[in-house]
Amino acid sequence: MSQFTNQEKEEKLLYLECYSGISGDMTVGALLDLGASRNVLEETLKSLGVGGYHLHFGRKLKCGIDAYDFDVHLEEEEHGHGHDHDHDHNHGHDHNHDHTHSHPHIHRNIQDIFEIIDRMHSEEPVKELARKMFRIVAEAESKAHGIPVEEVHFHEVGAVDSIVDIISVAVCMYDLGITDVVVSSLAEGRGYVRCQHGVMPVPVPATANIAASHGLELKLTDNEGEMVTPTGAAIAAALRTKDVLPEHYIIEKIGVG
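## Observations concerning the overall build of the protein
Okay, so step 1: Looking only at helices and strands, the protein features 8 helices and 10 strands.
Okay, so step 2: Counting over 257 residues, the protein shows a buried share of 55%.
Okay, so step 3: The long-range share in the protein, meaning contacts at least 24 apart out of those at least 6 apart in sequence, stands at 72%.
Okay, so step 4: By element, 48% of the accessible surface of the protein is carried by carbon and sulfur atoms, the whole surface being about 11,800 Å².

## Examining the packing of helix α6 (residues 160-176) against helix α8 (residues 230-239)
Okay, so step 1: The contact between α6 and α8 brings their axes to 11 Å, and the two run at 25°. By the angle between their directions, the pair α6 and α8 is classed as roughly parallel. Crossing angle aside, the handedness with which α6 passes α8 is right-handed. Contacts between α6 and α8 involve Ser162, Ile166, Val169 and Met173 from the first element and Thr231, Ile235 and Leu239 from the second.
Okay, so step 2: Each residue belonging to the contact of α6 with α8 can be placed in one class, and the counts come to 5 nonpolar, 2 polar and no charged.

## Remarks on helix α7 (residues 205-214)
Okay, so step 1: The complete set of buried residues in α7 reads Ala206, Thr207, Asn209, Ile210 and Ala211.
Okay, so step 2: In this structure, the buried side of α7 is in contact with α5 (124-145), β6 (186-190), β9 (218-224) and α8.
Okay, so step 3: Of the residues trailing α7, glycine 215 is marked for its positive phi of about 65°.

## Describing the layout of surface pockets
Okay, so step 1: The space that makes up the second largest pocket amounts to roughly 250 Å³.
Okay, so step 2: In this structure, the second largest pocket is lined by 14 residues; those nearest its centre are Pro125, Leu129, Met173, Tyr174 and Ile178.

## Things to note about the environment of threonine 221
Okay, so step 1: Residue position: threonine 221 is located in strand β9.
Okay, so step 2: The sequence separation of threonine 221 and serine 20 amounts to 201 residues, and the corresponding C-alpha distance is 9.8 Å.
Okay, so step 3: Within polar-contact distance, the side chain of threonine 221 engages the backbone nitrogen of asparagine 223 at 3.3 Å.

## Focus on unusual backbone geometry
Okay, so step 1: The amide bond that connects valine 202 to the next residue, proline 203, takes the cis arrangement and shows omega of -5°.
Okay, so step 2: Located in the positive-phi region is cysteine 63, a residue other than glycine, with phi close to 55°.
Okay, so step 3: Its place among the elements puts cysteine 63 in the loop between β3 (53-62) and β4 (65-74).
Okay, so step 4: The exposed category is assigned to cysteine 63, whose relative accessible area is 82%.

## Considering helix α1 (residues 24-34)
Okay, so step 1: Burial analysis of α1 places 10 of its 11 residues in the buried class, the great majority of the element.
Okay, so step 2: When α1 is considered as a whole, its buried residues turn out to be Gly24, Asp25, Met26, Thr27, Val28, Gly29, Ala30, Leu31, Leu32 and Leu34.
Okay, so step 3: Positioned one or two residues after α1, glycine 35 has a phi angle of 120°, which is positive.

## Brief notes about the packing of helix α4 (residues 110-118) against α5
Okay, so step 1: Where α4 meets α5, the closest approach of the two axes is 10 Å, and the angle between their N-to-C directions is 165°. Viewed along their axes, α4 and α5 adopt a mutual orientation that is roughly antiparallel. At the point where α4 passes α5, the crossing takes the right-handed sense. Residue-level inspection shows Ile110, Ile113, Phe114, Ile117 and Asp118 of α4 in contact with α5, the latter providing Lys127, Ala130, Arg131, Phe134, Arg135 and Ala138.

## Observations concerning the pattern of salt bridges
Opposite charge on two side chains permits them to pair, given that their charged atoms come into close proximity.
Okay, so step 1: Under the definition given, this model contains 13 salt bridges.
Okay, so step 2: The partner of glutamate 128 in a salt bridge is arginine 135, and the shortest N-O contact between them spans 3.7 Å.
Okay, so step 3: Since its relative accessible area comes to 35%, glutamate 128 is described here as partly exposed.
Okay, so step 4: For arginine 135, a relative accessible area of 31% puts it in the partly exposed group.
Okay, so step 5: Arginine 190 is the salt-bridge partner of glutamate 224, the closest N and O atoms lying 3.8 Å from each other.

Cut-offs used in this document
- Residues numbered from 1 in each chain as written.
- Predicted model: local features only at pLDDT ≥ 70, side-chain atom pairs only at ≥ 80, totals over all residues.
- Heavy atoms only, no water.
- Helix = DSSP H or I, 4+ residues; strand = E, 2+ residues; numbered from the N terminus.
- Buried < 20%, exposed > 50% of the residue type's maximum accessible area, 1.4 Å probe, protein only.
- Contact = heavy atoms within 4.5 Å.
- Areas by Shrake-Rupley, 256 points an atom, 1.4 Å probe, with all protein chains shown as cover.
- Axes fitted to C-alpha atoms, helices over the stretch in contact; angles between N-to-C directions.
- Parallel < 35°, antiparallel > 145°, perpendicular 65-115°, else oblique.
- Left-handed = near helix turned anticlockwise from the far one by under 90°.
- Nonpolar A, V, L, I, M, F, W, Y, C, P; charged D, E, K, R; others polar.
- 1 Å grid on protein atoms, 1.4 Å probe; cavity = no way out; pocket = protein on both sides within 12 Å on 5 of 7 lines; lining within 4 Å.
- Points joined across faces, edges and corners; volume = space filled by probe spheres on them.
- Polar contact = N/O pair within 3.5 Å; in protein donor to acceptor, adjacent residues only side chain to side chain.
- Salt bridge = Lys/Arg side-chain N within 4 Å of Asp/Glu carboxyl O.

Don't take any of this as a statement about function, it's just geometry.
Structural data, given as structure tokens:
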């Protein structure tokens, strides 16, 4: 993920390079690595009034490259969110989410999520971007399951970690003052992923629907497992404002998540 400035206009252009796929936590990590304020992010998230998690901020070597590691740790046993999470956080690894039902599931619909966003202490553009990302996911899930958008229950993507990921992306984007975003093709894996509905082919239907609806270019690789999560695809679709990089640019900062 690189941040460019067009010298003529002094606008901030973000290039989202998704050659390792894209997920919510990866994107937040890259934006924090670019210089988005961790303090602003933490204070904003506190205002949501959503519990059951704590945040992890650190650094990690991935393929020999130093990256910012952002993760949402669910306090599973205490709060009963143990099996309520999206498959964002096993990104690029073998997925073994064989869900048992010892904990109650928290089912939120799009209206519940919008209510959480509405109570956030933040600027309207942040709230609107967060709503846009959730709307994209809801429409894709609605199509995948053949039900109206209002009836889509976010047992996976509406879980605490994805609420935090999506809102964090909106907060960090606003904090960085980015005006335009170019998105590369999204590298996706192959095979199958185990999720809430059982075993699904990669890309999972929601991800494929988002790519189709928003003209995102998928680049299929030989890697086993999911590299583009529905949350990641929704982020790419919502953020993209331009299709190509300008002919001339200066790289100002680089963030790796």
